Amino acid sequence: MSTPVLEARDVSMVFGGLKALQNVSLKLDEGKVVGLIGPNGAGKTTFFNCLTGLYTPTTGSVLLKGDVLPGDPAKVTTAGVARTFQNIRLFPSMTVLENVMVGRHVRMKQGPLASIFHGPGYQKGERAARERSAELLEFVNLPGIEEELARNLPYGDQRRLEIARALATDPAVLLLDEPTAGMNPQETEATRQLILAIRETGVSVVVIEHDIKFIFSLCDSVSVLVQGQLLVEGSPEVVRRDPRVIEAYLGKPPDEVEAEVQAMVEETRQHGDAAESTTVLPVVTDPKPEGEQA
Amino acid sequence: MSTLLQQLANGVVQGALIALIALGYTMVYGIIQLINFAHGEVFMVGAYGGLATYTWIVPESVKDVWYVSLPIVLVGGVAVSVAIALLMERFAYRPLRNAPRLAPLITALGVSVFLQEFVRNFYPNATAALPFPGVFVQGQLVIGPIRVGWSGILLIGVSVLLSIALQTYINRSRMGRAMRATAQDPDTAKLMGVNPDRVIVLTFVLGAALAGVAGVLFGTYLNNINTDMGFQTGIFAFTAAVLGGVGSIRGAVVGAFIIGLVKTLAGQYMPGGTQYDYVWIFVVLILVLVFRPQGLFGEPERVRA
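Residues numbered from 1 in each chain as written. Chains lettered and ligands numbered in written order. Predicted model: local features only at pLDDT ≥ 70, side-chain atom pairs only at ≥ 80, totals over all residues.

Digging into the sheet that holds strand β1 (residues 6-15) of chain A
Residue and element names in this part refer to chain A.
Piece 1. Read from one edge of the open sheet, four strands run β2-β1-β4-β5, paired in antiparallel fashion. This sheet does not close on itself; its edge strands, each paired only once, are β2 (18-28) and β5 (67-68).
Piece 2. The pairing of β1 with strand β4 (residues 59-64) spans five bridges and is classified as antiparallel. Within β4, the residue paired with Arg9 across the bridge is Ser61. (Pairing = 2+ DSSP bridges. Helix = DSSP H or I, 4+ residues; strand = E, 2+ residues; numbered from the N terminus.)

Right, here's the structure in full:
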């Protein structure tokens, strides 16, 4: 078996006397979508913070393609892990395009002096970043609003913009923290299609969600976190039938959940063909970024 | 009437000078929410650095050739200002990055006093004001009743040019975007791969470079410099930054020209003359703080660079 793209090994996080995470392990294989569910306060976001270097795990380690990730958010991003936030955290006074271009930061090479001297390399890099950012905005279905200030966007669009900004860092792994929170069913469905499209481009995804129908119809495998501990992990079929999960989290007879999920899956199958023809996938022709970081 | 026009012209020159310094205050505040009270001293050491360069580095043969000596002196002044700012950031402010906001503020005051006394004690004969070479740009521009020295015109030109360049840099470059992102949300910027240390250092360097230019040009304009000049002009620049809205680049420039005009006009027309120009500047500051605390171009929340 090949090395997983992202692997968390026995990650524990202790705040004072509170054990927020206890020996949580997770493997993410390339091109897969893993769901992370659990009741409020189970430690899902804390786990994300450990994965992105915002927290340094008390014990345990996080590996990207077999290498231990540094405990510094900027370096983790450079290495190829990007994320969105449960509470949207865009740069409110920057334009939509500029927000995405900040995501492009680590893949551009211009140092502080390059733009003062305005060399051809600077012009080229800036143009490439602009084009790639516009392309990503189209990919997340936000075309034509590049110059709008981020804070003026409707809620659902802000969530999509966050995803575009995260994708701009050319991640190997994308972490989505409740991407459909506060969305209506149509927007939720669009987000699901978007995540599937992202997976098609070869990016592996970890997604935190409370909407279990969304999770079960989207993910290749699901991990359930309860009180900082990994309760179950496995394929959606296995997880949603697990009595412990049903008791701890779902609170519904498995048959009922089953029926709802089946309906969703069916719906996707019908949607799938239509969505594929309309979604424009940004093709990365040059596997190398515009340049190394200065 | 001709007095008024003359004072307006003087005010614009003053404003140009203050703008170069106010930009440093406003940028540093935008990024780390620190009023760097030692920034006036960065301007002062720029002037002394320029003087030292002229005295000991510029060869005797080209001392009177302004288009050769002035660039060298400018580079010298800027180099000294930037070096001091880098040391200041590294050793005085960075260790206090996560301390309560009051700690770096008090430290800034300490650094300010330290630098003044350091230059006064260790620069040769600096206990009194020193003459600054006036050879660079001699003569005056005369338009009707207005006379402005060419050094003043140079100050205005350089100030406007650098302000526009800075604004463009911050809006259109990779590092400029990183600066604005850091100003708006440092943690998220970090998660997008922006190295905060690099952004902070760049901010100090840009501010110091402008202050260094201002220091040298101030010397050529007034032909003498002293160790208090940073404190005095720094207060004007700080007021200008607050007036324009601390954190706003455009605000700092507009605020600086308003302060420059208030200073010269009050000195001419208000009772007490130039001795009381401070008073009127602080009246402006108080009015701003009471009626528009976020300044002319500031936003109520901290979301700009």
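Points about the sheet that holds strand β6 (residues 81-83) of chain A
Residues and elements named next belong to chain A.
Piece 1. One open sheet holds the six strands; their spatial order is β6-β7-β8-β3-β9-β10, and the pairing between them is mixed. Two strands in the sheet have a free side with no partner beyond their single neighbour: β6 and β10 (229-234). Strand-to-strand twist across the sheet, computed as the mean angle between neighbouring axes with direction ignored, equals 20°.
Piece 2. Bridging between strand β3 (residues 33-37) and strand β9 (residues 221-226) involves four bridges; their strand directions are parallel. (Axes fitted to C-alpha atoms, helices over the stretch in contact; angles between N-to-C directions.)

With respect to the UniProt feature "transmembrane region" (unreviewed entry) in chain B
Piece 1. Mapped onto this numbering, the UniProt entry gives "transmembrane region" (unreviewed entry) at residues 12-35, 42-59, 65-87, 148-170, 199-222, 234-266 and 278-297 of chain B.
Piece 2. Secondary structure within residues 199-222 of chain B divides into 100% helix and 0% strand; the distance between the first and last C-alpha atoms comes to 34 Å. (UniProt positions renumbered as here; feature names shortened; annotations may be inferred.)

Some words on the environment of Ile72(B)
Residues and elements named next belong to chain B.
Piece 1. Here Ile72 shows up in helix α3 (residues 66-93).
Piece 2. What makes Ile72 partly exposed here is the crowd of 17 C-beta atoms within 10 Å.
Piece 3. In this structure, the C-alpha to C-alpha distance between Ile72 and Asn98, residues 26 residues apart in sequence, is 39 Å.
Piece 4. If we ignore the near neighbours within four places in the chain, the residues touching Ile72 are Thr53, Ile57 and Val58. (Buried ≥ 20, exposed ≤ 12 C-beta atoms within 10 Å, placed from the backbone. Contact = placed C-beta atoms within 7 Å.)

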